[in-house]
Amino acid sequence: MKPVKRNDENRLDVVRRNDPFRSFFDEFESMFEDFFRPGLLSEYNDYPAAIHADVGEDDEKYMIKAALPGMKEDDIKVSVEDGVLVLRAERREEEKEEKKGYFRREIGYGKYERRFRLPDNVNLEKVDARYKNGILDIDLPKKEKGLSRKEIKVKGA
Amino acid sequence: MTLITLGRCCTPDIRGFEAHVRRDADDFVIQTALPGVEKEKIQVTMEGRRLHIKAFRDDSFSRGRSLRSELPRGDLEKSYSLPENIDAEAVTSSFEDGILTVRLPLKQQPGPRAVPID
């Protein structure tokens, strides 16, 4: 079946503007729509596998808990690029051993990636990420109400 | 129940968490991803030639509201039927960075032994 490339970005933008929560996640869906990436079991390992995550919020912040078992802090990169939170992780195979009859495969080897489009009210200066017990824990504090408000003085000509 | 057979790899999972079985020269190693699970909430039990792995994963967020839930939570269970040549007494397990590793040594085949002559 031929993949159908959606061409309704303008319409999606309208939806995004009105629904911050939906926009928070839809990078994930679009990742699968836009790219044809092989799954975890594929032979072709250059494409990153998806990182699965829970997302929540309370009054002060958004929270992401992403599953990255078997990693070390240094294997994980977190960045914000044009309003999109990007999680990347990679562990290289230390030894490749595949003798006849034996099969070696480790959890956590290979490339992993996940993107979240962030709502406008995230305070990027205060984003905090910790790794513990196989979980990448990210706190995204919300901007205080009123901080995004700015009065513009009207000058005479 | 997953049947582990000699020299073969299988990729069973626990409700969406990755798990691998691998056969080394003198043992089987079962690795199960259990990210975010407290060590105290994991149980590994040998029952005859069966291995049971049980775990419980709490909700990710104790307060606030959930916007998206992709990680398995609640009771997580997996059982394996082991080959005969596993030394059940020598099974060990460890838990690090969200990965449970169960090591199942194979019974040592007695090698040639010199019999002393009286």
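For clarity, every value in this text was computed on a predicted model and none was experimentally measured.

## Focus on the overall build of chain B
Summing up its helical and strand segments, chain B has 0 helices and 9 strands in all. Sequence-ordered secondary structure for chain B, helices as α and strands as β, is β-β-β-β-β-β-β-β-β. Counting every position in chain B, which comprises 118 residues, the buried fraction comes to 46%. Expressed as a percentage of contacts within chain B between residues at least 6 apart in sequence, the contacts between residues at least 24 apart total 51%. Of the accessible surface of chain B, which amounts to about 6900 Å², a share of 44% is contributed by carbon and sulfur atoms.

## A word on the nonpolar core
One finds I30(B), L34(B), L51(B), Y80(B), V102(B) and L104(B) to be the most contacted residues of the largest nonpolar core, which totals 24 residues. Secondary structure elements with two or more residues in this core: β2 (19–23), β3 (27–33), β5 (50–57), β7 (74–81) and β9 (99–105) of chain B. Counting residues per element, this core draws most heavily on β9(B), which supplies 4 residues. In this structure, A53(A), V55(A), I76(A) and L87(A) belong to the second largest nonpolar core, which totals 22 residues.

## Considering the sheet that holds strand β6 (residues 65–68) of chain B
In space, the 5 strands of this open sheet follow the order β7(A)-β8(A)-β3(A)-β2(A)-β6(B), with antiparallel pairing throughout. In this open sheet, the two edge strands, each paired with only one partner strand, are β7 (128–132) of chain A together with β6 of chain B. Going from strand to strand, the sheet's axes swing by 20° on average, the running direction of each strand aside. For β7(A) and strand β8 (residues 135–141) of chain A, the ladder comprises 5 bridges, and the chain directions are antiparallel. In the sheet register, D128(A) faces β8(A), and the bridge partner there is D139(A).

## Quick notes on the sheet that holds strand β8 (residues 92–96) of chain B
All names here are of chain B. Taken in spatial order, the 4 strands of this open sheet run β2-β3-β9-β8, and their pairing is antiparallel. The open sheet has two free edges, formed respectively by β2 and β8, since each of these has just one partner strand. Neighbouring strand axes in the sheet, compared pairwise and without regard to direction, differ in orientation by 15° on average. By the bridge criterion, 7 bridges tie β3 to β9 in an arrangement that is antiparallel. Following the sheet pairing, T32 is matched in β9 by L100.

## Structural notes on the interface of chain A and chain B
Across the contact, 36 residues belong to chain A and 34 residues belong to chain B. Linking chain A to chain B there are 6 salt bridges. One salt bridge connects R114(A) with E70(B), and the closest N-O pair in it is separated by 2.9 Å. If you look at where chain A meets chain B, you find 13 residue pairs in polar contact (both at pLDDT 80 or more).

## Quick look at the pairing of β3(B)
Residue and element names in this part refer to chain B. Burial within β3 is extensive, with 7 of its 7 residues counted as buried. Residues of β3 alternate between two faces, with D27, V29, Q31 and A33 on one and F28, I30 and T32 on the opposite face, all of them buried. Pairing between β2 and β3: 5 bridges, direction antiparallel. Bridging from a neighbouring strand, V21 pairs with I30 of β3.

## Notes on the confidence of the model for chain B
Considering every residue of chain B, the mean pLDDT works out to 83; 86% of them sit at 70 or more. Confidence estimates for the predicted assembly give a pTM of 0.72 and an ipTM of 0.78.

## Here's the deal with the side chain of D97(B)
Inspection of the secondary structure puts D97(B) in the loop between β8 and β9. Looking at D97(B), its side chain comes within polar contact range of the side chain of K72(A), at 2.5 Å. Not counting residues up to four positions away in its chain, the partners in contact with D97(B) are P69(A), G70(A), M71(A), K72(A), Y131(A), N133(A) and G134(A).

## Concerning the pattern of salt bridges
All names here are of chain A. Enumeration over the complete set of coordinates arrives at 19 salt bridges over all chains. Across the pair R130 and D128 runs a salt bridge, and its minimum N-O distance is 2.3 Å. Salt bridges sharing common partners tie together K65, D128, R130, D137 and D139.

Basis of the calculations
Residues numbered from 1 in each chain as written. Chains lettered and ligands numbered in written order. Predicted model: local features only at pLDDT ≥ 70, side-chain atom pairs only at ≥ 80, totals over all residues. Heavy atoms only, no water. Helix = DSSP H or I, 4+ residues; strand = E, 2+ residues; numbered from the N terminus. Buried < 20%, exposed > 50% of the residue type's maximum accessible area, 1.4 Å probe, protein only. Contact = heavy atoms within 4.5 Å. Areas by Shrake-Rupley, 256 points an atom, 1.4 Å probe, with all protein chains shown as cover. Core = buried A, V, L, I, M, F, W, Y, C linked by side-chain atoms within 4.5 Å. Pairing = 2+ DSSP bridges. Axes fitted to C-alpha atoms, helices over the stretch in contact; angles between N-to-C directions. Salt bridge = Lys/Arg side-chain N within 4 Å of Asp/Glu carboxyl O. Polar contact = N/O pair within 3.5 Å; in protein donor to acceptor, adjacent residues only side chain to side chain. pLDDT = per-residue confidence, 0-100.

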